[in-house]
Amino acid sequence: MKLTGRKIYHGKTEGEALVTKDSISFYGGVDPETGIVVEKGHELEGVNTTDKILVFPTGKGSTVGSYVIYQMAKTGKGPKALILQECEAIVAVGCIISSIPCVDQIDVTQIKTGMNLTVDGDKGEVVIK
Amino acid sequence: MELTPEEQDMAAGKYGKATQTAMEILVSLGEIYGAKRMIDITSVQIAGVSYANLNEPGLEWLEEMAEDGKVRVFTTLNPAGMDLEEWKKLAISEEFAENQIRVVEAFGKLGVITTCSCTPYLYGNLPHFGQHIAWSESSAVCYANSVLGARTNREGGPSALSAALVGRTPEYGFHLDENRKPEVKVDVKTKLEGTFQFGALGKVLGDRLGKKISYITGIPKASVEELKSFCASYATYGGVALFHMEGITPDRVDTIPSETTEVTEDDMKSAIADLTEDTEIDFISLGCPHASLAELEYIAKKLENKKVNPNKEIWITTARPTKQIADRMGFTKMIEDSGAKVAADTCCVVAPIKGRFHGLASDSAKMCYYGSGRNKFSVKLMSVDECIEEALK
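To start, this report covers the structure provided alongside it. On a predicted model such as this, the values are computed, not experimentally measured, just so you know.

Parameters at a glance
- Per chain, residues are indexed from 1 in the order of the written sequence.
- Numbering of ligands from 1 and lettering of chains from A proceed in the order in which they are written.
- The model is predicted, so local features are restricted to residues of pLDDT at least 70 and side-chain atom pairs to those at 80 or more, both for listing and for counting; the totals for chains, interfaces and linings are taken over all residues.
- By convention in this description, side-chain values take in all heavy atoms of the structure and omit both hydrogens and water.
- Helix and strand definitions follow DSSP, with helices as H or I runs of at least four residues and strands as E runs of at least two, each counted in order from the N terminus.
- This radius of gyration counts C-alpha atoms alone. The globule rule is 2.2 Å times how many residues there are, raised to the power 0.38.
- Three exposure classes are used, based on accessible area relative to the maximum for each residue type with a 1.4 Å probe and protein chains only: buried under 20%, partly exposed in between, and exposed over 50%.
- Residue contacts follow a heavy-atom distance rule, with two residues in contact if any of their heavy atoms lie within 4.5 Å.
- Surface accessibility in these figures is a Shrake-Rupley result with a 1.4 Å probe; residues are shielded only by whichever protein chains are displayed.
- Under the convention used here, Asp and Glu are negative, Lys and Arg are positive, and both His and the chain ends fall outside the count.
- Where a charge lies is defined by one atom per residue type, namely NZ (Lys), CZ (Arg), CG (Asp) and CD (Glu).
- The criterion for strand pairing is that DSSP finds at least two bridges linking the strands in question.
- Only the stretch in contact is used when fitting a helix axis, every axis being a line fitted to C-alpha atoms; angles between N-to-C directions are given from 0 to 180 degrees.
- To count toward a patch, a residue needs a relative accessible area over 30% and no salt bridge; like charges are then connected within 9 Å, while nonpolar side chains (Val, Leu, Ile, Met, Phe, Trp, Tyr) are connected within 5 Å.
- What makes a salt bridge here is a side-chain nitrogen of Lys or Arg within 4 Å of a carboxyl oxygen of Asp or Glu, nothing more.
- Polar contacts, as used here, are pairs of N or O atoms within 3.5 Å; protein pairs need one atom able to donate a hydrogen and one able to accept it. Residues neighboring in sequence count only if both atoms are side-chain atoms.
- Reported buried area values correspond to the accessible surface (1.4 Å probe) lost by two parts on association, with both partners' losses combined.
- In the scheme used here, Gly and all other residues not listed as nonpolar or charged are polar, with Ala, Val, Leu, Ile, Met, Phe, Trp, Tyr, Cys and Pro taken as nonpolar and Asp, Glu, Lys and Arg as charged.
- Orientation categories follow fixed angle ranges, with anything under 35 degrees roughly parallel, anything over 145 roughly antiparallel, 65 to 115 roughly perpendicular, and all other angles oblique.

1. Structural notes on the overall build of chain B
A count of helices and strands for chain B gives 14 helices and 14 strands. For 393 residues, the compact-globule formula gives about 21 Å, and the C-alpha radius of gyration of chain B, at 21 Å, lands near that figure. Here the C-alpha coordinates of chain B stretch approximately 65 × 55 × 35 Å along the principal axes. A buried classification covers 62% of the 393 residues belonging to chain B. For chain B, the share of sequence-separated contacts (at least 6 apart) that also reach a separation of at least 24 residues comes to 79%. Accessible area of chain B: about 15,200 Å², with a carbon and sulfur share of 48%. Across chain B, the centroid of the 43 positively charged side chains sits 2 Å from that of the 57 negatively charged ones.

This is how it looks when you write it as C-alpha cells:
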C-alpha cells in the first residue's frame, strides 16, 4: 500500500516502523545518548527509536529538541526516518540539520509497529510492504 | 513559496554552504506554515547557547555553519551556561568552560554580537513597533511581540541563526495581522505588585488559556521589570508569544473578544501555592529574566553592609553591560561584599547546576519551573524582598 503526503526532508530509506499515538518532545522526552524514549507515561517509554522509522502524530516541547535529533543522528542513535501526521518546526529543523528523511500529512493510523516501510522523502511517499 | 532571484541564488549555494543550509531550513518552515514569501528582518536573537543544552553535536553544527557563514543583520545571543569572565566564581568545571567558550567563539565567527542576554531589548537590540524580527528566547519573543509591538515567531536556535544568515524570515504566524488578534478577554480582579506576582499571573493565564491570545484588562500600570517577569512566566507555562494589555501594549485591537475569564485573588494564591514547596532553601536566584539596572541598584541597597548566610548561595544574573555600569556605580561591590554573587552572561535556567543545590527560592515563576523540572530542586516563589531576607537568615 502506498501513502502519499508532503516532503519535509529528502532522502530514501527502508526499515521497521515504530508507531505511537502520543506526540514526542525530543528535548527531555528522548535520551540523546541512547535514542530511548524517557518521557514518563509516554506510550513508548523505555523503547529504543534507533534505526527505526518513527511514526507519530506531531512534535512538541522546547525548540532545543532540534539539537537532540541532531545529536542522536550524529552519534548513530537516531531514527532512520520520521513520518508524522503534522510536522512542526522543531522536528522539521531537526531533520533538515540531521539529513533524516521526513514526510508528513500521512494517515499514520494506517501504519502499525513492526511493518516494513520504504520512505521516499523526495516524493513524500511511504510504501507499506 | 515564491523566492526572489537573490533568494534562489542563496538556495542554490551561490552564497556558500551555511547560507544554503539556512535557506533550506527557512523554505521548509515557510512551506510547512503556508508562507507565500520571505520578508526582510531588522534583528535576530538566538537561543541555544549553553553548552549544557547544545552538547558536542550541537556545537559541531554551529562550527560547521561558522566555516563560511556570516550574519546579514544585527544579531545577539541568549545567556550562556556560565559567566564568560568569572566562571570560576560560580564553580563551573574547566571542561565545561572550555566548551562554552568554543560555542561563543563559533557565534562570534558567524558575526553574532555575543551579548549573552535574555533581555536583548534592554541592551541595544531594541526593535520598534511593527518591525519584523526573528527572535528565539521565549520571554523576549513574548516581550517583543506584546510590549514593543514588533513581530516575531517563536524561533528555535537553528531557525533564528538561519534568519540571521539570510537576513529574512518566511512570512507566517505573528508576522501577519490576522494572527495577532485577541481570542479571549481576561479581567484581572486583584491588585498586582512586584515581579513575583506578575510571574504568578503568567502561570495562572498560561495554565488556563495555553497559547490563546489574550486581551488583559484590570492592570492599571506595570513596570518594565514586572512585564519582563510576566512575559517569561506566561511563555513558560502557556507557550505564549503574544498578548495584549489594555492601556499598556501598543497593538491596535479593534474587536475585544466576547469570551471572558476572570483572575481573582484566590487564583493568584493558588498559583503561588503551587510554586511553594515545604523545603529548606540553600540557593536563591534573582535576575530571571536578566536583572535591569534598576533591579541591581535595588538589590545592592538591600544587601549593603549585610552578610549572606554562608550555607546559602545567592546569584543575581544579569547582562554584561548592566554589570559594567553596576561596577562603576559600586552596586556590584555592595552585593558581593555581602557574599552574594553577580553573574553576567548566564542564568540559572541554563547553567550546569543540576544536583548542586536542594531548595531554590526565586522571584521568578519561570525560574521555579525550570528549577523543579530541569534541575530537580524543590522551589519557593517569593518576592525580591523575601528572597533577600531568606539569603540573610
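2. Description of the sheet that holds strand S8 (residues 125–128) of chain A
All names here are of chain A. Within the open sheet, the eight strands sit side by side as S1-S8-S7-S3-S4-S5-S6-S2. Their pairing is mixed. At either end of the open sheet lies a strand with only one pairing partner, and these are strand S1 (2–4) and strand S2 (6–9). Each neighbouring strand pair of the sheet contributes to a mean axis angle of 30 degrees, computed without reference to strand direction. In this structure, strand S3 (residues 12–19) lies alongside strand S7 (residues 116–120), joined through five bridges in antiparallel fashion. Its bridge partner being in S7, Glu14 is matched across the sheet by Thr118.

3. Some points on the sheet that holds strand S2 (residues 43–46) of chain B
The strands making up a sheet are joined through hydrogen bonds of the backbone, oriented either antiparallel or parallel. All names here are of chain B. Strand order in the open sheet made by the three strands is S3-S2-S4, with parallel pairing throughout. On the outer flanks of this sheet lie strand S3 (74–77) and strand S4 (133–135), each paired with one strand and no other. Averaged over all neighbouring strand pairs, the angle between strand axes comes to 10 degrees, with direction disregarded. The pairing of S2 with S4 spans three bridges and is parallel. Bridge pairing in S4 links Val44 to Ala134.

4. Details of a nonpolar patch on the surface
Residues and elements named next belong to chain B. Residues Leu293, Ile325 and Met329 make up a contiguous nonpolar surface patch of roughly 240 Å² in combined accessible area. Counting through the fold element by element, Leu293 comes out in helix H10 (residues 293–303). Looking at Leu293, the relative accessible area reads 37%, which means it is partly exposed.

5. Things to note about helix H3 (residues 89–98) of chain A
Residues and elements named next belong to chain A. Counted residue by residue, H3 has nine buried out of 10 residues, so it is predominantly covered. In this structure Glu88 caps H3, since a side-chain oxygen of it lies 2.8 Å from the backbone nitrogen of Ile90. Where H3 terminates, the next one or two residues include Ser99, which has phi positive at roughly 55 degrees.

6. Let's talk about the interface of chain A and chain B
In this assembly, 19 residues from chain A lie in contact with 21 residues from chain B. Note on chain A versus chain B: buried area summed over both sides is about 1,800 Å², and carbon and sulfur give 65% of it. It is Tyr67(A), Tyr70(A) and Ile96(A) in chain A that bury the most area against chain B; as a group they hold 33% of the surface buried on that side. Where chain A touches chain B, the interface holds four residue pairs in polar contact (both at pLDDT 80 or more). Every element with two or more residues in the side of chain A that touches chain B is listed here: S2, helix H2 (65–74) and H3 of chain A. Looking at the side of chain A that touches chain B residue by residue, the class counts come to 12 nonpolar, four polar and three charged.

7. Some details on the environment of Glu297(B)
Residues and elements named next belong to chain B. Following the sequence through the fold, Glu297 ends up in helix H10. With a relative accessible area of 30%, Glu297 lands in the partly exposed category. C-alpha of Glu297 to C-alpha of Phe196: the two residues are 101 residues apart in sequence and 18 Å apart in space.

8. What to know about the packing of helix H8 (residues 224–238) of chain B against helix H13 (residues 365–373) of chain B
Residues and elements named next belong to chain B. Closest axis-to-axis distance for the H8/H13 pair is 7 Å, and the angle between their directions is 40 degrees. It follows from the interaxial angle that H8 and H13 lie oblique. Only Ala365, Lys366, Tyr369 and Tyr370 of H13 make contact with H8, whose side of the interface consists of Ala232, Ser233, Thr236 and Tyr237. A class-by-class count of the residues in the contact of H8 with H13 yields five nonpolar, two polar and one charged.

9. Looking at the side chain of Ser66(A)
By secondary structure assignment, the location of Ser66(A) is in helix H2. Residue class for Ser66(A) comes out buried when judged on its relative accessible area of 3%. Setting aside anything within four residues of it in sequence, one finds Ser66(A) in contact with Ala89(A), Ile90(A), Val93(A), Gly94(A), Ile97(A) and Pro158(B).

10. Concerning the pattern of salt bridges
When their charged atoms lie close together, side chains carrying opposite charge are able to pair. Residue and element names in this part refer to chain B. What the rule picks out here adds up to 41 salt bridges over all chains. Across the pair Arg102 and Glu63 runs a salt bridge whose closest N-O atoms are separated by 3.4 Å. Of the two residues, Arg102 is situated in helix H4 (residues 94–109) and Glu63 in helix H3 (residues 51–68); the sequence distance between them amounts to 39 residues. Assessed through its relative accessible area of 29%, Glu63 is described here as partly exposed. Of the charged contacts, one joins Arg320 and Asp345 as a salt bridge, the two residues approaching to 2.5 Å between their closest N and O atoms. Of the two residues, Arg320 is situated in helix H11 (residues 320–329) and Asp345 in the loop between strand S12 (341–344) and strand S13 (359–362); the sequence distance between them amounts to 25 residues. When salt bridges with common partners are traced through the structure, they connect Glu6, Glu7, Asp40, Arg72 and Arg168 into a single cluster.

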